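Notes for the structure review
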Amino acid sequence: MVRREQGARAIGAGGRNGIAALAGIWLTVVPVGALAQDVTRAIDPRAGRDGAERVSFPVELHVRVWAGEGDAARPFPGARVWLTRTGHRTDGTGSIPVAEAGKSGTYSTAVEVGGVYDLHTSAMGFAPVTRRVRVGDAGGIASNELDVYLSPAPVPVEEILTRVEAERAAQLRGHTLHHIELGERAPPSTTLAEWLAGLPGLELRRRGEGGPQMVTIRGSRPEAVLVLLDGMPVNDPLTGAADLSGIPTSSLESATVVLGAEAGSGSGASAGVLALRTRSTARGTSVGLTAGSFGHLAADLSSGTSGRVGSLSIGARLQRAQNDYSFENRVWPGQPSEKRENADRRDAHVTIAAQLESLPVSALGRVDAVERGSPGRMGTRLFDEARWREVTGQFSLSAGTEGGSGVTAGYTHRRQWYTDRRLDREESLSARQIRVQGRWRPSVSSSWLLAGYAANESVGGATLDRPNGRWMAGLSASRAFGPPTLEVTPSLAADMAGGDAMLSPALSIGSRFGEGWRVWGRAAQAYRIPTFADLYLASSYQVRPNRDLLPERVRLDAELGVEWSPGRLRARSSAFYRQTTDPIVWLPSSTAVWSARNAGRLTALGVELGLELLPAVGWEIDLAGTWTRSRVRFETERTALPYQPEWSGGVALERVSGPRRALVRLRYTGPRVTSLAATHELPAYALVDVAGRQTIHIGRVDLEIELGIRNLLDARHELVELFPEPGRQLSFRIGFQTPPRSGLPSDRRAGNMDLDGSSVDHVGRAPDAEVPAAPPGGDPSDIPLS
Amino acid sequence: MRQALRGAMAVTLGLGLVTGACIDSTGPNGNGNGNGPPITAEVLVLNSLSKTISRLVVRGDALETAASPIILPPQFDGVAMDVLSDIWVTTISAAGGSQILFGSFATGEQAVTTFPGAAGALADPSKPSLVIDLGGTVGTLVGTRGDNSIYIAFPGSPSAQLLAADVGEFTERVISVAAVLLSIDANLDDAGGTFQPLGDPRIGLYRFTDGSFFDEIALTGAVNANDALVLGDDVLVLAGGGFGPAPDFAPNNDGQLVIANAAAREVISSLAVQGNGIAMEPGLNGFIYVTRTTGSDFGSTDVLSFNLQTRTFARGPNNPIRPRDASGADLNCWAATSLLDGRLLCITFSAGASGRLALLSADGAFLDDIPVGQGAVDLIVR
């Protein structure tokens, strides 16, 4: 055990800066676990007996990571180093990145007085190291260095895969990425789409509470966002848009948003990709009940177990809501106050995940069922008896290899019913998709990555001309070039879909320089093939199919970004531009007969700004702002894209103190035109959400109490014209959670391979389920790209 | 004004001389005192997608904007309007929550009238026809396809009044002639959503005083009677025609102009338009202009003209007017009408980009055009 008194020389063999004469400020390092003890001893043979190692503070902490021992030790760049405040839950809160400074194996950050931290270091092929760092309470300034020695150790296959995926994420550095470890982050009753809408560049679309919810990226239409759930597309085969309302956050492990065209994922990733990952690593057993305004009731359960053969985890959620909120009917004389009708919904969700212990093979299945009303806009009663029902079953099987290669096969079957008793109308539709995708990397250290997929999808239903199916297949290759400080990654994706062949090149450049600076740029192409509705829908005499449609093409999707992360601040800004030619647009003909057409041109440009600040221990402030100019060009006219605000942004303030967590979030959305004619505009609105959570330890069980208030100021607004949104909503959740046991299942899936045949999930995840996930910057956080 | 045409053509022609009176004097050249030739007509265009009423004038061989467009409420989804003096009226369907919209050109005010009863939002009004009573009160007649009734509504009155119930399956237009209401029932299957004929269309005859039914005229062999004009004792009905099965829903090209005599309760003649009829508009020159489809789909149209005096086509299916744009290409008009001198005005339905109001020679040659709103579906010249 080690103790170093204040004012002593820098710690360890790698020390270089004195820590002299900093009275009263000390930092204590307490090794945790056997490995950590070994490392600590290796750091400083003069360690004291009590295991406490004192250094000065406030500290700009420098950590030098070494591989090997003794004279054979060498600086080790590329490790992941992060701090977590002890006593916090493993939900990622309080995670402080220790950024790598150059390629010398040195990492640095700042720490605060009064806290106790765990310093985590991990690298593939080495045993992870965790050291406890205790910070004193007196003043002073110092610069400290700690040395961490990594010992070679057998590494579970899943960590290798994780690492490879992280490297693949780095290859996507031309993109702006947002990664959210959902878990316990979202306040109760906040839907996935609502949560995502707080990210720069993302906007929410929905027709009131209870209906479908979609997101757009960087001034796009919803169908330009490819949503993958465990690698399988969620996008509706008829509309091309993905309804996120049927995927509860409680069933998800993480969400990763890739902003910008990503042709390697296949058709539809014109503006970006949202990759969702089903929760498969239940941390003990959790049971919760939620109640909220407008008849919202929910019950959720998750549990996991493991043994010699492998692990198994299950999750289930039942929820219902009346959504009978009041609104002002502004289209009726006198603008009477009315209650929303036929907006109720019931959901049922079940997930099952299994993993083998001896092989990197995992299986996952889920069923999501929704039954809801389909109300019309305010003032009409025409749809008061229209109901929508949808059941989706999905199964996937994944396997990976140590070299980072892997394959996933998935099957999705979706049934939809639309009924209207008033009109004695019932229509149904079924859609199936089989998709096999894989990636291959010649070696762990190879800069090459090859990926491919093959899929068959088929749709049948009364409103379609006939049952239809089609094959799609694609191959993509990428390779990174350049010195460590400048990486150039060209890639090429070739796709065959529905009889059309597409080539989509991309080029990305990334560079790090100075203290915490990073710049990146990217130019890419992508495409979206027509949906089945575009091609075959013939629901009435006013709707005609168009089998001659061409895929719409993103001719250029470009991005230029810069990031500056000096210690407790991370500022990032991106400028983007996207031009889509031959967009598939539903338009009426000269005699008002609707059909899909390749018409016009879409352009979107804008600037995003994100700021993450850790002003003090336990405090986090996130700022986000987006300016977007999205235009539709038909013939010689240019008009604003409906429902796309030019300005949007928000600020979130989060406080974590021991078992308590509080969050206040303000979101602003600017005015939006409601049609291509731009004769009507919805006013700007601002929403304030607050949430709090208290955890009480009762023996081995955690009692969790959560309270959330959405739209605290009761702002009345519409996301889609004449579809009222609810006012203030209260929600309350009480839950019980047993602590995780040793040997809990860790997520060993080979990656959902949903991003260019690869995955960015797991990036930042600690190898130990008890250790907080490490993506820096808090909520929502970005994937670290190195 | 159009109602006057529908009621009595002579009155219409007289009123047609009153042009520009309602034009916003603050609009460009709106007072007719600008340079160049005088304003000869005011044109109003209803734009269903941009939810506006465009206000334009004809000056010589040019079209000009007269005033800013009238912005209709966001729930607007109508396809027809009527204008009388300073008042305009249009309707909103059941999908938007059934309403009748009145407005004043002079003041810009708008008033909403709803339908009575719990199911009033489902009334689904059709094309409105403005009427004026002897006391000078302006009101509108509408047939409703949701509850198959006839209503009358007045600006400022919150609710329409029921005149007659159970008037047909799909009432497209109600016209008053003296004390008689003529209800044009297309007799289509709207409840089932197929919009296929349930039988022959018909003209129902009702007493204005109490809404009682007293007779009907079956339009045997016609399909989809969707508009009508009154010519003395005669009624000129546009039967638009049907369409084929899915997925192409091709036009059956069986549209007709049907002339029925209300006094004799019989069809006098039926004139095939050899296409599907899209719209029928009275011109200031006393001719009726019918736009029709010209091919195997609904993508292209031309224009026929009908002589009221002779009850025959002036430019019939074999000799249609082919409207042309500035480049000489065919101009697919949704609706067309004429000025006193026979020059044509036609509107093009466009989405995404603005539609156009085109000024053409009597033969369809291009003279001028000007953008209007998106989804132009009705025009009135006065």
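Since the structure is predicted, the reported quantities are computational estimates derived from the model, not experimental observations. Residue numbering note: each chain is counted from 1, following its sequence as written. The order in which chains are written sets their letters, starting at A; the order in which ligands are written sets their numbers, starting at 1. For a predicted model such as this one, the threshold for reporting local features is a pLDDT of at least 70, and the threshold for listing and counting side-chain atom pairs is 80 or more; totals across whole chains, interfaces and linings nevertheless cover every residue.

1. Looking at the overall build of chain A
In terms of helices and strands, chain A carries four helices and 49 strands. Exposed residues have 12 or fewer other C-beta atoms within 10 Å of their own C-beta, buried residues have 20 or more, and residues in between are partly exposed; the C-beta atoms are placed from the backbone. Residues counted as buried form 55% of the 786 residues belonging to chain A. Whether two residues are in contact is decided by their C-beta atoms, placed from the backbone, lying within 7 Å. Counting only contacts in chain A whose residues sit at least 6 apart along the sequence, the fraction spanning at least 24 positions is 66%. Helix numbers and strand numbers start at the N terminus; a helix is a DSSP run of H or I with at least 4 residues, a strand a run of E with at least 2.

2. Things to note about the overall build of chain B
A count of helices and strands for chain B gives two helices and 28 strands. Using C-alpha atoms as the atom set, the radius of gyration is obtained and then compared with a globule rule of 2.2 Å times the number of residues to the power 0.38. Here chain B has a C-alpha radius of gyration of 19 Å; the compact-globule value for 382 residues is 21 Å, and the two agree. On the principal axes, the C-alpha backbone points of chain B span a range of 55 × 45 × 40 Å. Looking at chain B residue by residue over its 382 residues, the buried ones come to 58%. Here the analysis covers contacts within chain B between residues at least 6 apart in sequence; of these, 46% occur between residues at least 24 apart.

3. Notes on the sheet that holds strand β21 (residues 287-293) of chain B
Residues and elements named next belong to chain B. The four strands lie next to each other as β20-β21-β22-β23, forming an open sheet whose pairing is antiparallel. If you trace the sheet from one side to the other, it starts and ends with β20 (277-282) and β23 (312-315), each paired once. Taking each pair of neighbouring strands and ignoring which way they run, the sheet shows an average axis angle of 30°. Whether two strands pair depends on DSSP finding at least two bridges between them. In this description, a line fitted to the C-alpha atoms serves as the axis of each element, helices being fitted only across the stretch in contact, and the angle between N-to-C directions of two axes falls anywhere from 0 to 180 degrees.

4. Examining the nonpolar core
Considering soluble globular proteins, one finds that nonpolar side chains tend to be buried as a cluster. By our criterion, buried Ala, Val, Leu, Ile, Met, Phe, Trp, Tyr and Cys residues that link up through C-beta atoms within 7 Å make up a nonpolar core. If you look at the biggest cluster of nonpolar residues, it comprises 109 residues, and the most contacted ones within it are V43, V237 and C346 of chain B. Here the element with the most residues in this core is strand β1 (residues 39-47) of chain B; it accounts for six residues. Beyond its immediate sequence surroundings of up to four residues, V43 of chain B is in contact with L56, V57, V58, L345, L357, L379 and V381 of chain B. A241, L259, A271 and A493 of chain A belong to the second largest nonpolar core, which has 50 residues in total.

5. A word on the interface of chain A and chain B
Counting from both sides, the interface comprises 38 residues of chain A and, opposite them, 40 residues of chain B. Per-element tally for the side of chain A that touches chain B: the top contributor is strand β36 (residues 584-588) of chain A, with three residues. Basically, the charged four are Asp, Glu, Lys and Arg, the nonpolar ten are Ala, Val, Leu, Ile, Met, Phe, Trp, Tyr, Cys and Pro, and anything else, Gly included, counts as polar. Residue composition of the side of chain A that touches chain B, by class: 18 nonpolar, 12 polar and eight charged.

6. Re the sheet that holds strand β28 (residues 376-381) of chain B
Residue and element names in this part refer to chain B. Pairing in this open sheet of four strands is antiparallel, and the strands run β3-β2-β1-β28 from one edge to the other. Each edge of the open sheet is held by one strand with a lone partner, namely β3 (62-71) and β28. Averaged over all adjacent pairs, the angle separating strand axes in this sheet is 25°, with direction ignored. Across five bridges, β1 lies against β28 in antiparallel orientation. Note that in β28 the partner of L44 across the bridge is I380.

7. As for the environment of A250 of chain B
All names here are of chain B. Turning to its location among the elements, A250 is positioned in the loop between β17 (234-239) and β18 (256-261). Spatially, the C-alpha atom of A250 lies 9.1 Å from that of G295, the residues being 45 residues apart in sequence. Not counting residues up to four positions away in its chain, the partners in contact with A250 are F243, G244, S296 and D297.

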